[in-house]
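# Architecture at a glance
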Amino acid sequence: MAAERKGKRRTVRTAAAVFLSTALAATGSLDSRLTAEGGPVAAAEAAKLGAVAVPTAAKQPDRLNKAARTSAARKPVAISALSDASFLQETGIAAAWKLLRRDVTGTIAIVDTGIDLKNAALQPYLIEGVNLLDDAKPPQDDNGHGTAVAGVIVAAAEAAKGANADAAWKMKLMPVKALDENGESDEAHLSGGIRYAIEHGADIVVLSLGLRRDAPGMRSVIELAEAKGVLLVAATGNDAADFGERAAVQYPAAYPTVIAVAGAEAGQGQINSTGGPEVDLSASWQVDTLALGGGRLAMEGTSMAAPQVAAAVAMLRAAHPDWKPAFLRETLRRTAEDIGAKGRDDATGYGLVRADRALSAAFAADWREPNGAQQSASPFPPGTEVYSAWSGSLDTDWYAVDAHEDGILSVRMQTNLFDIGPAAVKLSLYRPGASGPIAAGGTNGGATTWKVSKGRYYLRADGSSRSSPLPYRLTSGFRMLPDRTEPGSNQASAYAIEPRTQTWTGTFDREDDEDWTTVKLPQAGSLKVTVETDTTRIDPAITLQRDGQAEVRTDTNGDGLPETATLKQAPAGRYYIGVSNAAADGAPPVTGTYTVRLEYITTYADLGEPNGGPLTSAALVPGTAGILKGLISSKDDEDWFRFKTAGGRYEWKLDGIPDGSTFKLTVYSKELKLLGQWSSKAKGASLNVPQKLAAGTYYARITADRADRSAYYRFGVMNAD
């Protein structure tokens, strides 16, 4: 029977990007840097804001007096002072106001730590919200992160005044408090916050937070938002700071219908911003915004990038109130400023959001043209969407699909078949340069599937239109192939492996997947199992079980971090090794792999036995050639040695002491009179004892505080004259 798995309470630590099971993090607070206008923010104030204080006048913030910090953090600032914030210029929001002719109306919900309801700069923009953590209390921010997110949007709103715009910002902000004072929560509150926003009239929902895993409840509420015409904008996360290439775009940003926003800096992707195939757009990594309790501060992170895109889409929606969310998303992608690598890239998506370009652009049903051949194929990463159109009786669109692993690619097409008939629609997948398509594996939930290997493929979408362009939508997905241990989902079906040191790679290709292997040790030895993963969407856990005994589960670290389980004294017999994803109970399938390294080291035989007393002691000869090897095979084991000398200066030399063991060396005369006793406790892995000996026979006894058969110790006597 598999070990009982209980989801860990995920903890999010400010500026450390540490997530644990059902965790929800305020993404911007993971790696935020705060400074107040005119001086450094106090560490205490920074803690309230869920970030790390970075002093501008000194390297060590604790050297600054408390009064100076507090004064800087609370220095009053008018919201109009933010209207010239650099991010407003970089994203084209300031310039876009000169192009807008309709007022920006509706509601933006901010699902976060709440908003500072007492902040005079924010009050004109607020409407009633909700506190999902305590419905008896208002959604007052007690962390500062939600207030900072709101401040970015309000800065965009105030920019209208500086631009002398014909239009005005009349859109309201709905505070939905779903995270606590530490910027933490769970999937239920996140999903509940989005659902509340949808049901209470929100047009746009900003989600500057994330989970490292997919979740059925959250997926369903994302689908509800799309069905209701509510546009979602989410931060990709800041995990690249700690995990590098293992960092994966967080959820809900990873869902196809959510605009996934990464961070940009100096014309390229910010190094700490989490990238991936799901990234749609990027926005300024650092912003000037509002602080909890008043004042101005600078914040960093994708949490601050997401509300910039929300402001841009609010303005675009005002210009085109009849556009569906899909049209708005496509227009922002189409008009983004290409930065970083040429074309769409995983760091910045389609590029830096440009509100001015979006408002200047006319509607384009098929903006990816020309893409009528493989050479001009448009990017279509797995896990994303494409909204396009066919024009004419025979129209073909090509898309480039990069599979980063071996697996099953799925593509779902949505269009009006009543207008053209199902026979006129066809999806085909090709290898580069191939004349014929790959055979489809069938359909799954309305999607066509293909088995693919790692590499590039080309998707061909054939359709036709009798009159005006016929829009269609493609949504892609990816699932890993089963690994070699399948169907080893429990001990009874465990995959048998040889008793030797080896490495293998596995996948979690289905919900609540567990991979079990079994090995039969022919003799006692040490057994060490290490599991590493290439994605933050996996939190490895190891279960070890000796046949007939209780399971021992190891799940010490968090998402994306390795786990190690060791049995230093493993008797001969059958063992079972289980590997699972502890990200959550019933963890969903994951695109990514884990690697297991099994180290089996057989125990050594004690070649000196029997030498458990003076009568059976082993003879020592001075010099390196006379060094003997030994083992302490049990806690009560004693190894005795004898040495005969004509007299002189000598050094007893004991090394190779196993880690964690304390050895004792006791020397006796021929009459077994105690001459000295020494311990390795303070010496580490070796013990060297000089001693002047008269002519005669001597005995040396070696004992230890525990048994260890994994390695030999070495003992001898050296002539020191």
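For every chain, the first residue of the written sequence is number 1, and numbering continues from 1 along that sequence. It should be noted that, the model being predicted, local features are given only for residues of pLDDT at least 70 and side-chain atom pairs only at 80 or more, the latter also being counted only at that level, while totals for whole chains, interfaces and linings use all residues. The basis for the side-chain values is all heavy atoms of the structure; hydrogens and waters are excluded.

## Remarks on the side chain of Asp116
Worth spelling out the cut-off: Each helix corresponds to a stretch of at least 4 residues labelled H or I by DSSP, and each strand to a stretch of at least 2 residues labelled E; elements are numbered beginning at the N terminus. The term polar contact refers here to a pair of N or O atoms within 3.5 Å; inside protein, the definition further demands a hydrogen-donor-capable atom paired with an acceptor-capable atom, and it admits residues adjacent in sequence only when both atoms are side-chain atoms. Residues count as neighbours in contact if any of their non-hydrogen atoms are within 4.5 Å of one another.
Secondary-structure assignment places Asp116 in the loop between strand 5 (107-112) and strand 6 (130-131). A polar contact is formed between the side chain of Asp116 and the side chain of Gln140, at a distance of 3.1 Å. If near-sequence neighbours (up to four positions away) are discounted, Asp116 is found in contact with Leu122, Leu126, Gln140, Asp141, Thr147, Ala291, Leu292, Gly293 and Gly294.

## A closer look at the sheet that holds strand 23 (residues 455-463)
Just so we agree on the cut-off: If DSSP finds at least two bridges between two strands, the strands pair.
Ordered by their spatial adjacency, four strands build an open sheet running 16-18-23-20, and the pairing between neighbours is mixed. Because the sheet does not close on itself, it has two edges, and the strands there are strand 16 (378-379) and strand 20 (426-430). Two strands pair when backbone bridges link them, and strand 18 (residues 395-403) and strand 23 are joined in this way by nine bridges, in the antiparallel orientation. If you follow Asp397 over to strand 23, its bridge partner there is Ala461.

## Topic: the sheet that holds strand 21 (residues 442-444)
Operational definition: Every axis corresponds to a line fitted to the C-alpha atoms, with the helix fit spanning only the stretch in contact, and the corresponding angles, defined between N-to-C directions, vary from 0 to 180 degrees.
Taken in spatial order, the five strands of this open sheet run 17-24-19-22-21, and their pairing is antiparallel. Whereas interior strands pair on both sides, the edge strands pair on one side only; in this sheet they are strand 17 (385-390) and strand 21. Looking at each pair of strands side by side, their axes are set apart by 35 degrees on average, direction ignored. Across six bridges, strand 19 (residues 407-415) lies against strand 22 (residues 447-452) in antiparallel orientation. Paired with Val411 across the two strands is Thr448, which belongs to strand 22.

## A short note on helix 11 (residues 325-335)
Selection rule: Partly exposed describes any residue whose relative accessible area lies between the buried limit of under 20% and the exposed limit of over 50%, with all areas from a 1.4 Å probe on protein chains only and scaled to the type maximum.
With 10 of 11 residues buried, helix 11 lies mostly within the body of the structure. Buried within helix 11 are the following residues: Pro325, Ala326, Phe327, Leu328, Arg329, Glu330, Thr331, Leu332, Arg333 and Thr335.

## Some thoughts on the packing of helix 10 (residues 302-319) against helix 11
To keep things clear, this is the line we draw: Rotating anticlockwise by less than a right angle from the far helix to the near helix defines a left-handed crossing, while the corresponding clockwise rotation defines a right-handed one.
Relative orientation of the contacting elements helix 10 and helix 11 amounts to 115 degrees, with a least axis distance of 10 Å. For helix 10 against helix 11, the interelement crossing comes out right-handed. For the pair helix 10 and helix 11, the contacting residues are Val309, Val313, Leu316 and Arg317 in the first and Leu328, Thr331 and Leu332 in the second.

## Topic: the packing of aromatic side chains
Note the following rule: Two rings from Phe, Tyr or Trp (for Trp, the six-membered ring) form a pair when their centres sit within 6.5 Å of each other. Planes less than 30 degrees apart are called stacked, planes more than 60 degrees apart edge-to-face, and all others tilted.
Within this structure, the stated rule accounts for 18 aromatic pairs. With 4.1 Å between their ring centres and 20 degrees between their planes, Trp390 and Tyr472 make a pair best called stacked. Separated by 82 residues along the polypeptide, Trp390 in strand 17 and Tyr472 in strand 24 (residues 470-480) bring together distant segments of the chain. Take Trp390: its relative accessible area is 0%, and that puts it in the buried class. Assessed through its relative accessible area of 1%, Tyr472 is described here as buried.

## Points about the pattern of salt bridges
We count it as follows: Here a salt bridge means any side-chain nitrogen of Lys or Arg lying within 4 Å of a carboxyl oxygen belonging to Asp or Glu.
Going through the model one piece at a time under the given rule, you end up with 33 salt bridges. Glu278 is the salt-bridge partner of Arg537, the closest N and O atoms lying 3.1 Å from each other. Of this pair, Arg537 sits in the loop between strand 28 (525-533) and strand 29 (540-546) while Glu278 sits in the loop between strand 12 (268-269) and strand 13 (281-284), placing them 259 residues apart in sequence. We note that Arg537, like Glu278, is buried. Of the charged contacts in the structure, one is a salt bridge between Arg714 and Asp655, with a shortest N-O distance of 3.0 Å. With Arg714 in strand 42 (residues 708-719) and Asp655 in strand 37 (residues 648-655), the pair connects residues that are 59 residues apart, well separated along the chain. For Arg714, a relative accessible area of 35% gives the class partly exposed. Here the residues in one salt-bridge network are Glu226, Asp280, Arg329, Glu330, Arg333, Arg368, Glu385 and Arg473, joined through shared partners.

## A look at the side chain of Ser185
Turning to its location among the elements, Ser185 is positioned in strand 8 (residues 184-185). Relative accessible area serves as the criterion here: at 5%, Ser185 is assigned to the buried category. Separated by 2.6 Å, the side chain of Ser185 and the backbone oxygen of Ala178 make a polar contact.

## Looking at the nonpolar core
What counts here: In plain words, nonpolar cores are sets of buried Ala, Val, Leu, Ile, Met, Phe, Trp, Tyr and Cys residues tied together by side-chain atoms within 4.5 Å.
Judged by nonpolar contacts, the single largest core of 72 residues is most densely connected at Trp97, Ile108 and Trp169. When residues no more than four places from it in sequence are discounted, the contact partners of Ile108 are Ile153, Trp169, Met171, Lys172, Leu173, Met174, Ile204, Val206, Ala310 and Ala314. One finds Leu179, Leu209, Ile222 and Ala234 within the second-largest nonpolar core, a separate group that totals 34 residues.

## Concerning the confidence of the model for the protein chain
Formally: How sure the predictor is of each residue is captured by pLDDT, a score from 0 to 100.
Confidence in the prediction of the protein chain, expressed as mean pLDDT, is 86, and 87% of residues score 70 or more. Of the regions scoring below 50 in pLDDT, residues 418-423 engages in nine contacts with residues more than four places distant in sequence or in other chains.

## Re helix 7 (residues 187-199)
Rules: Helix span, as expected, comes to 1.5 Å for every residue beyond the first.
Here helix 7 contains 13 residues, and its C-alpha end-to-end distance of 18 Å stays within 8% of the 18 Å for a straight helix at 1.5 Å per residue. Considered for burial, the residues of helix 7 that qualify are Glu187, Leu190, Ser191, Gly193, Ile194, Tyr196, Ala197 and Ile198. Following helix 7 by one or two positions, Gly201 adopts a phi angle in the positive range, close to 90 degrees.

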